[in-house]
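Remarks on the overall topology
These are the residues of each chain, in order.
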Amino acid sequence: MEEITEGVNNMNLSVDTQKKNRIQVSNTKKPLFFYVNLAKRYMQQYTDVELSALGMAIATVVTVAEILKNNGFAVEKKIMTSTVDIKDDSRGRPVQKAKIEITLAKSEKFDELMATANEEKEAAEAQEQS
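Please read all numbers here as calculations on a predicted model, not as lab measurements. Within any chain, residue numbers begin from 1 and follow the written order of that chain's sequence. Only residues with pLDDT of at least 70 are given local features in this predicted model, and only at 80 or more are side-chain atom pairs given and counted; all residues enter the totals for whole chains, interfaces and linings. Working from all heavy atoms in the structure, the side-chain values ignore hydrogens and water.

1. Concerning the overall build of the protein
Helix numbers and strand numbers start at the N terminus; a helix is a DSSP run of H or I with at least 4 residues, a strand a run of E with at least 2. Each helix and strand in the protein was counted, giving four helices and four strands. Walking the protein from its N terminus toward its C terminus, one meets helices and strands in the order α-β-α-β-α-β-β-α. Burial classes follow relative accessibility: with a 1.4 Å probe on protein chains only, a residue under 20% of its type's maximum area counts as buried, one over 50% as exposed, and anything between as partly exposed. For the protein, the proportion of its 130 residues judged to be buried stands at 28%. Looking at the protein as shown, the accessible area adds up to about 9,300 Å², and 50% of this sits on carbon and sulfur atoms. Reported accessibility uses the Shrake-Rupley method at a 1.4 Å probe radius. Residues are deemed covered only where the shown protein chains occlude them.

Here's what the structure looks like:
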């Protein structure tokens, strides 16, 4: 019995660590580059980041992932699509929505690119002050 309890506890821990690096993207709440910069910060903390979206926000997630990949910050690790039943209050019945989860890992050049970007930002700020 103790083995089962221990297994369940370990399972919960792995779920918690998985969710810490997940970004749930909305297509209306924040601008596109908010999510790009947030994903960069998450990749600084964790080795990979999971971008997740439902319905119309899927296009935003794909765009964010492509920006990170094309600029050399990330490499594609996993893409998963599915449908989710969501209760629609106006209709009173469940509605299926498309869902996508894209997992990106740090590229080999990630730290180098981030250091270069920080140096450029500091140089621009120093130039503004003088």
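Read on, since the account is not over.
2. A few points about the pairing of strand β2 (residues 48-54)
For β2, the buried fraction is high: six of the seven residues fall into the buried class. Of the pairings in the sheet, the one linking strand β1 (residues 22-24) to β2 comprises three bridges and is parallel in character. Across the sheet, the residue bridging to Q24 is S52, located in β2. A crossover gets the label right-handed when its path from the first strand over the helix to the second runs clockwise, viewed with the strands pointing away from the viewer. Each parallel crossover has a hand, and for β1 linked through helix α2 (residues 32-45) to β2 it is right-handed. In short, DSSP must find at least two bridges between two strands for them to pair. In the sheet, β2 pairs with strand β4 (residues 93-106) via seven bridges, with the strands oriented antiparallel. Along β4, the bridge assignment pairs D48 with A105.

3. A short note on the packing of aromatic side chains
Two aromatic rings, drawn from Phe, Tyr or Trp (for Trp, its six-membered ring), form a pair once their centres lie within 6.5 Å of each other, and the interplanar angle then sorts them: stacked below 30 degrees, edge-to-face above 60, tilted otherwise. Taken as a whole and judged by the stated rule, the model has three aromatic pairs. Look at F73 and F110: their rings are 6.0 Å apart centre to centre, the planes differ by 75 degrees, and that puts the pair in the edge-to-face class. Here F73, found in the loop between α3 (58-70) and β3 (74-88), pairs with F110, found in helix α4 (residues 110-129); they are 37 residues apart in sequence, far enough to count as distant. According to the relative accessible area criterion, F73 is buried, its value standing at 8%. F110 sits in the buried class, given a relative accessible area of 0%. For K30, the ring lying beneath its charged end belongs to F34, and the centroid distance is 5.1 Å. A ring is scored as having a charge over it whenever the NZ atom of a lysine or the CZ atom of an arginine sits within 6 Å of its centre and within 35 degrees of its normal.

4. Comments concerning the side chain of T60
Mapped onto the secondary structure, T60 falls in helix α3. With relative accessibility at 16%, the residue T60 sits in the buried group. Any pair of residues with heavy atoms lying within 4.5 Å of one another is described as a contacting pair. Discounting residues that sit within four places of it in the chain, T60 has contacts with V25, S26, N27, L32 and Y35.

5. Quick notes on the nonpolar core
Ranked by size, the top nonpolar core spans 24 residues in total, and within it I23, V49, L51, A53, V61, L68 and L104 carry the most contacts. Secondary-structure elements contributing two or more residues to this core are α2, β2, α3, β4 and α4. Here this core gets six residues from one element, more than from any other, and that element is α3. Setting aside anything within four residues of it in sequence, one finds L104 in contact with T47, D48, V49, L51, A65, L68, K69, A74, V75, E76 and K77. We define the nonpolar core as a collection of buried residues of types Ala, Val, Leu, Ile, Met, Phe, Trp, Tyr and Cys that are connected through side-chain atoms lying within 4.5 Å of one another.

6. Overview of the pairing of β4
A regular strand places its side chains so that they alternate between the two faces of the sheet. Where β3 meets β4, 14 bridges bridge the pair, whose relative direction is antiparallel. What sits directly across from D85, in β4, is Q96. Connecting β3 to the antiparallel partner β4 that follows it, the hairpin turn spans four residues, and G92 within it adopts a positive phi of roughly 75 degrees.

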